[in-house]
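A look at the structure
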Amino acid sequence: MSIIKNDFEKMNITKIKKAKNNKKLTMITAYDALFAKLFEEIADIILVGDSLNMSFAGKPDTLSATLEQMIYHTNAVCTGAKKAFVVLDMPFGTYINKDEALKNATKVYQETNAAAIKIEGGEDRADIVSHLTKNSIAVVGHIGLMPQYVRSEGGYKVRGKTNEDKEQLIRDAIAIEKAGAFCIVIEGVLSDVAKEISEAIFIPTIGIGAGKDTDGQVLVWSDMLGLFEEFKPKFVRHYLDGATLVKESVAKYKEDVQNKSFPSKDEEY
Ligand code: KIV
C-alpha cells in the first residue's frame, strides 16, 4: 500500500472546522517523538491522550495521570512532529473549576507547543469551556463515555441507549459548541445517536466507538497497531499485528545472539 504524503496539509482550527461535511478527519494518539514523527504527515490531529496512563504507564485507568506527565509527553510529541496539530488531554482533577482550568491550561500553553487542549464533560462543564475559550485557549470537547468518570459511573458504559440519554448527549454537544469548542470527541455512543449529535451541531465530531457517521475518527495508536494484548474493544480495528511482530522480532534477536550470528562482520567496527 502506498502512503500518499503529498496531500498533507498542516491543520489549524479554521481548517478543522471547515472539514465538517467536506472531509473526514483522522485523529490518532501519540505519546512520544518517535511515533508522533511517523504519524505527523498522515493524521490530521495528534492527541496526547491521558490513555497514556493505561497503555504507556500500565495503570488500570486514566485517573492518576498528572499535568506534568501530560506536559512531558506533549513536549516529546511536539518535538518529534513539528508539523502536527497537537492536542493535550487535560488529566483528571486539573479542570475542577474555571480558575483551576484556566491556570492549568495556561501552563500547558506556556510550557508546550500544543495547539489545543481536550476536556471531558457536557452541559455540566460548559461554563469551564466557555471561560477557557474566552481566555484564548482552544478547546476540544469530549462527551459520551468519558473515561475520567469511570469510578463515579461504576465502569465504562456505552451511552445513548435511552431517549432521555440521547437528548442529554445532544444538549451536551450543543452546550460545548456554544461554549466555544472547535470540535468534539464522541466516545462510546450508539452510532445512530452519534449521527444525530453530529447533525445537531456545526463543529466537527470525532468518534471513537461511535459509528461511521461522525465527522472523523480517533483511535489509540497502540490499540490500532495491535500492541495492546489484554483485550480488544469492539470498536478497535487492528491495522497491524504489532504484538506478534514485536515478540517474534525480539525472539529472533535472542536466537541470533545465542547462536552468535549477531553481530556479523558487517555489523562490527
Ligand atoms: O485519552 C485518549 O486517548 C482519548 C481518546 C480515546 C479520545 O481521550
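Rules of the game
- Residues numbered from 1 in each chain as written.
- Predicted model: local features only at pLDDT ≥ 70, side-chain atom pairs only at ≥ 80, totals over all residues.
- Heavy atoms only, no water.
- Phe/Tyr/Trp six-rings, centres within 6.5 Å; stacked < 30°, edge-to-face > 60°.
- Helix = DSSP H or I, 4+ residues; strand = E, 2+ residues; numbered from the N terminus.
- Buried < 20%, exposed > 50% of the residue type's maximum accessible area, 1.4 Å probe, protein only.
- Contact = heavy atoms within 4.5 Å.
- Near = heavy atom within 4 Å.
- Polar contact = N/O pair within 3.5 Å; in protein donor to acceptor, adjacent residues only side chain to side chain.
- Areas by Shrake-Rupley, 256 points an atom, 1.4 Å probe, with all protein chains shown as cover.
- 1 Å grid on protein atoms, 1.4 Å probe; cavity = no way out; pocket = protein on both sides within 12 Å on 5 of 7 lines; lining within 4 Å.
- Sits in = over half its atoms within 2 Å of the grid points.
- Nonpolar A, V, L, I, M, F, W, Y, C, P; charged D, E, K, R; others polar.
- Domains from an automatic or database assignment.
- Buried area = accessible area lost by both parts, 1.4 Å probe.
- Salt bridge = Lys/Arg side-chain N within 4 Å of Asp/Glu carboxyl O.
- Axes fitted to C-alpha atoms, helices over the stretch in contact; angles between N-to-C directions.
- Parallel < 35°, antiparallel > 145°, perpendicular 65-115°, else oblique.
- Left-handed = near helix turned anticlockwise from the far one by under 90°.
- Points joined across faces, edges and corners; volume = space filled by probe spheres on them.

Side note on the packing of aromatic side chains
Overall, the coordinates contain five aromatic pairs when judged by the stated rule. Ring centres 4.2 Å apart and planes at 35° place the aromatic pair Phe35 and Trp221 in the tilted group. Of the two residues, Phe35 sits in helix H2 (residues 33–39) while Trp221 sits in helix H10 (residues 221–224), which places them 186 residues apart along the sequence. The exposure class of Trp221 is buried, given its relative accessible area of 10%. Taking 5.9 Å as the distance between ring centres and 75° as the angle between the ring planes, the aromatic pair formed by Tyr253 and Phe262 counts as edge-to-face. Overall, the relative accessible area of 49% leaves Tyr253 in the partly exposed class. Members of the aromatic cluster, connected to one another through ring pairs, are Tyr31, Phe35, Phe39 and Trp221.

Here's the deal with the environment of Asp44
With respect to the helices, strands and loops of the structure, Asp44 is situated in the loop between H2 and strand E2 (45–48). Spatially, the C-alpha atoms of Asp44 and Lys15 are 10.0 Å apart, while their sequence positions differ by 29 residues. If we skip the residues at most four places from it in the chain, Asp44 touches Met11, Lys23, Lys24, Leu25, Thr26 and Phe85.

Overview of the site of the ligand
Around the ligand lies a shell formed by Thr29, Leu47, Gly49, Asp50, Ser51, Asp89, Lys118, His142, Val185, Ile208, Val218 and Val220. Residue Asp50 places a side-chain N or O atom 3.0 Å away from an oxygen atom belonging to the ligand. A distance of 2.6 Å is found between an oxygen atom of the ligand and a side-chain nitrogen or oxygen belonging to Ser51. When isolated, the ligand has an accessible area of 260 Å², and the protein chains bury 96% of it. With respect to the detected pockets, the ligand is housed in the second largest pocket. Partitioned by chemical class, the residues of the shell around the ligand number five nonpolar, four polar and three charged.

Considerations on the domain arrangement of the protein chain
What the domain assignment reports for the protein chain is domain 1 (8–238) and domain 2 (241–269). The distance between the C-alpha centroids of domain 1 and domain 2 comes to 38 Å. Counting the surface lost from both domain 1 and domain 2, the interface buries some 300 Å², and carbon and sulfur atoms represent 52% of this. Of all residues in domain 1, Gly226, Leu227 and Glu229 give up the largest surface area on contact with domain 2, accounting jointly for 80% of the area buried on that side. Our enumeration of links across domain 1 and domain 2 arrives at one salt bridge. Here Lys247 ties to Glu229 by a salt bridge, and the two come within 2.9 Å at their closest N and O atoms. Class assignment for the residues of the side of domain 1 that touches domain 2 results in two nonpolar, one polar and one charged.

Observations regarding the packing of helix H4 (residues 67–80) against helix H5 (residues 98–111)
Packing of H4 against H5 leaves a shortest axis separation of 10 Å and a crossing angle of 25°. What the angle tells us is that H4 and H5 run roughly parallel. Remark: the crossing between H4 and H5 carries right-handed chirality. For the pair H4 and H5, the contacting residues are Leu67, Glu68, Ile71 and Asn75 in the first and Asn104, Lys107, Val108 and Glu111 in the second. Here the contact of H4 with H5 is built from residues that sort into three nonpolar, two polar and three charged.

Brief notes about the layout of surface pockets
Taken as a whole, the second largest pocket encloses approximately 770 Å³ of empty space. Along the wall of the second largest pocket there are 31 residues; nearest its centre are Glu187, Ile208, Asp223, Pro233 and Phe235. Every element with two or more residues in the lining of the second largest pocket is listed here: helix H3 (52–55), strand E4 (116–120) and strand E6 (183–187). For the lining of the second largest pocket, the residue count by class is 16 nonpolar, eight polar and seven charged.

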